[in-house]
Amino acid sequence: MSATERAGTVAAALEAKGLTLPVPPAPVAAYVPAVRSGGMVYTSGQLPFVDGALAATGLVGQGEGDVDPAQARDMAATAALNGLAVLAAALDESEEQTPESLARALERVRVVKVVGFVASAPGFTAQPGVVDGASTLLADVLGDRGVHARSAVGVAALPLGTPVEVELVAEVVDEPR
Amino acid sequence: MSATERAGTVAAALEAKGLTLPVPPAPVAAYVPAVRSGGMVYTSGQLPFVDGALAATGLVGQGEGDVDPAQARDMAATAALNGLAVLAAALDESEEQTPESLARALERVRVVKVVGFVASAPGFTAQPGVVDGASTLLADVLGDRGVHARSAVGVAALPLGTPVEVELVAEVVDEPR
Amino acid sequence: MSATERAGTVAAALEAKGLTLPVPPAPVAAYVPAVRSGGMVYTSGQLPFVDGALAATGLVGQGEGDVDPAQARDMAATAALNGLAVLAAALDESEEQTPESLARALERVRVVKVVGFVASAPGFTAQPGVVDGASTLLADVLGDRGVHARSAVGVAALPLGTPVEVELVAEVVDEPR
């Protein structure tokens with residue numbers, strides 16, 4: 001498929017933004033990265049892992065030692081990208097999942113709801129700006145199908161010290177656009 | 001339509017409680033106030049804006065400088081009213097939405113789930129009493145269709161310093177009652 | 001029904017683990033323990049009540065006076081068991097609900113999504129280990145139908161000082177397994 005043929009596709013949008021769908025994390029015993037129920041898919045809360053590591057840990061804020069809100073915003077985008085990867089893996093029925101087949105699976109995804117949890121230093125109330133990182137990535141990759149309802153919440157602490165955690169609820173649309 | 005004809009309707013319930021559906025907030029770039037997916041509607045986290053302003057900011061608690069729980073309860077009701085407004089706007093297919101057409105759209109809404117986030121001062125654990133403001137408003141306006149499952153959670157901080165944030169999941173019922 | 005006939009059932013799994021479905025809490029005015037909407041059931045946030053009492057209150061952490069993470073994990077399992085009880089009560093259409101009829105109702109439940117809120121002392125970031133208590137219980141009781149997507153979040157405070165709160169979204173499967 002040429003670049004022209006890819007125009008308007010998720011694969012093209014990922015390429016244009018320099019993004020690569022990460023390999024979804026391995027499922028653990030008692031829960032899984034995503035569950036499909038009828039026409040909906042629910043993801044587990046996604047951490048902004050890149051190659052299994054977090055770029056920063058701690059609370060987001062303006063104080064010394066806090067995670068900078070701009071960095072947290074980037075990490076929210078990474079968490080959302082990881083969320084797309086687990087959605088794709090849950091829907092891609094290819095015998096062997098490839099970056100291409102995963103991107104194709106996302107043609108059938110419409111993101112409905114996002115909750116962005118921001119581990120917040122005392123007094124930090126700019127959670128929406130942080131979670132915008134996730135929202136913008138979803139719209140960049142999925143276009144209209146990435147525009148969602150959203151809650152942004154400031155919490156006391158998150159798993160492994162991650163500054164942000166993002167969960168997605170998505171709808172499976174019948175026909176690829 | 002006379003007051004008698006309105007009896008039992010959402011419009012009548014709003015009038016009886018002295019409530020007015022606010023103009024829903026303008027959508028922003030990357031997310032929207034509410035998304036419909038099949039028979040469900042998910043709202044974004046609603047803040048207790050009145051004419052674009054918050055009546056109080058800070059953490060809810062019993063200490064000096066804390067937001068009083070009774071005021072927070074009133075603000076939770078306001079956030080829930082704003083949630084009804086965005087549900088109505090998402091469902092009202094009138095060419096021009098009016099207070100009447102928005103109230104009519106709510107005849108087709110059943111609230112299924114509410115999450116109430118309460119920005120909580122250390123040691124404050126009476127989140128349910130605060131979120132009761134939202135729950136009571138929903139039952140007041142929608143009757144049986146406003147009775148929902150609910151989680152009340154105390155968080156570290158919320159957007160713009162709001163003491164409360166309320167999100168709704170609603171079902172679209174086929175026939176108006 | 002003999003123990004052999006019960007093999008593989010929810011009743012058998014509960015018995016094998018020494019678990020008893022608790023009597024669901026009485027509904028309160030403005031919200032209810034669970035709401036069914038089409039093929040889904042949403043529970044209210046569940047507290048780890050045993051006979052109406054909490055085994056511990058406070059924040060989970062490693063410091064003096066904190067709730068021990070191992071105890072919090074056990075309490076997360078209790079909250080999940082209470083969640084199963086309210087799911088069962090919402091689905092059991094027997095004229096008189098009994099422990100047997102409630103366990104049978106759970107044969108039609110598939111847990112789709114779990115959110116575990118952990119009231120967290122400053123610096124405590126091992127929320128996943130705490131919420132594993134809930135995840136493991138669900139898999140123990142429901143088998144494959146208990147494996148879910150999940151978010152674990154550390155919050156500032158929870159109702160009545162509970163260290164953990166667990167909410168469930170479940171699917172009603174047409175045929176008992």
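Residues numbered from 1 in each chain as written. Chains lettered and ligands numbered in written order. Predicted model: local features only at pLDDT ≥ 70, side-chain atom pairs only at ≥ 80, totals over all residues. Heavy atoms only, no water.

Student: Requested: an account of the relation of the copies chain B and chain A, with residues and values cited.
Tutor: For the pair chain B and chain A, the superposition axis carries a translation of 0.0 Å, the fit reaches an RMSD of 0.0 Å, and the rotation angle comes to 120°. What we have between these two chains is a three-fold relation. (Least-squares fit on C-alpha atoms with pLDDT ≥ 70 in both.)

Student: Give me the lowdown on the packing of helix α3 (residues 69-91) of chain C against helix α5 (residues 127-142) of chain C, citing residues and values where you can.
Tutor: Residues and elements named next belong to chain C. Axis separation between α3 and α5 bottoms out at 7 Å; the angle between their running directions is 40°. As summarised for this structure, α3 and α5 are arranged oblique, according to the angle between their axes. Considering the relative orientation of α3 and α5, their crossing is right-handed. Contact with α3, carried on its side by Pro69, Ala72, Arg73, Ala76, Ala77, Ala80, Leu81 and Leu84, involves Gly129, Val130, Val131, Asp132, Gly133, Ala134, Thr136, Leu137, Leu138, Val141 and Leu142 of α5 and no other residues of that element. For the contact of α3 with α5, the per-class residue count stands at 14 nonpolar, 3 polar and 2 charged. (Axes fitted to C-alpha atoms, helices over the stretch in contact; angles between N-to-C directions. Helix = DSSP H or I, 4+ residues; strand = E, 2+ residues; numbered from the N terminus. Parallel < 35°, antiparallel > 145°, perpendicular 65-115°, else oblique. Left-handed = near helix turned anticlockwise from the far one by under 90°. Contact = heavy atoms within 4.5 Å. Nonpolar A, V, L, I, M, F, W, Y, C, P; charged D, E, K, R; others polar.)

Student: Any chance you could break down the interface of chain A and chain C for me, citing the residues and the numbers?
Tutor: How big an interface is tends to be expressed through the accessible area that disappears when the partners come together. Taken residue by residue, the interface counts 22 residues in chain A and 26 residues in chain C. Regarding the contact of chain A and chain C, the summed buried area is about 1,800 Å², with carbon and sulfur atoms giving 58% of it. A per-residue breakdown of the area chain A buries against chain C is headed by Ala30(A), Tyr31(A) and Tyr42(A), which together make up 29% of the total. At the junction of chain A with chain C, the criterion picks out 1 salt bridge. A salt bridge links Lys113(C) to Glu167(A); the shortest N-O distance between them is 2.7 Å. Linking chain A with chain C are 11 residue pairs in polar contact (both at pLDDT 80 or more). Of all elements in the fold, only β1 (34-37), β2 (40-43) and β5 (164-172) of chain A reach the threshold of two or more residues within the side of chain A that touches chain C. Take the side of chain A that touches chain C: its biggest share by element is 4 residues, from β1(A). Of the residues contributing to the side of chain A that touches chain C, the split by class is 14 nonpolar, 5 polar and 3 charged. (Buried area = accessible area lost by both parts, 1.4 Å probe. Salt bridge = Lys/Arg side-chain N within 4 Å of Asp/Glu carboxyl O. Polar contact = N/O pair within 3.5 Å; in protein donor to acceptor, adjacent residues only side chain to side chain.)

Student: How would you sum up empty space enclosed by the protein? Please name residues and give values.
Tutor: The full count for this structure, using the stated rule, is 1 cavity of 30 Å³ or more. Approximately 300 Å³ is the volume found for the largest cavity. Around the largest cavity, the lining comprises 20 residues; the ones closest to its centre are Glu167(A), Val115(B), Glu167(B), Val115(C) and Glu167(C). Where the lining of the largest cavity is concerned, the elements lending two or more residues are β3 (109-119) and β5 of chain A, β3 (109-119) and β5 (164-172) of chain B together with β3 (109-119) and β5 (164-172) of chain C. When residues in the lining of the largest cavity are grouped by element, the largest group, 4 residues, is from β3(B). The class makeup of the residues in the lining of the largest cavity is 14 nonpolar, no polar and 6 charged. (1 Å grid on protein atoms, 1.4 Å probe; cavity = no way out; pocket = protein on both sides within 12 Å on 5 of 7 lines; lining within 4 Å. Points joined across faces, edges and corners; volume = space filled by probe spheres on them.)

Student: Just give me the short version of the interface of chain B and chain A, but keep the residues and values in it.
Tutor: Between chain B and chain A, the contact holds 22 residues from the first and 26 residues from the second. Interface of chain B and chain A: buried area, both sides summed, is about 1,800 Å²; carbon and sulfur atoms make up 59% of it. Of all residues in chain B, the largest losses of buried area upon contact with chain A belong to Ala30(B), Tyr31(B) and Tyr42(B), amounting jointly to 30% of the total for that side. The set of elements that each furnish at least two residues to the side of chain B that touches chain A consists of β1 (34-37), β2 (40-43) and β5 of chain B. Counting residues per element, the side of chain B that touches chain A draws most heavily on β1(B), which supplies 4 residues. Split into classes, the residues belonging to the side of chain B that touches chain A amount to 14 nonpolar, 5 polar and 3 charged.

Student: Give a detailed account of unusual backbone geometry, specifying residues and quantitative values.
Tutor: Of note, Asp51(A) is a non-glycine position whose phi angle comes to about 50°, a positive value. We classify Asp51(A) as exposed; its relative accessible area is 82%. (Buried < 20%, exposed > 50% of the residue type's maximum accessible area, 1.4 Å probe, protein only.)

Remember that the coordinates give geometry; whether it matters functionally is a separate question.
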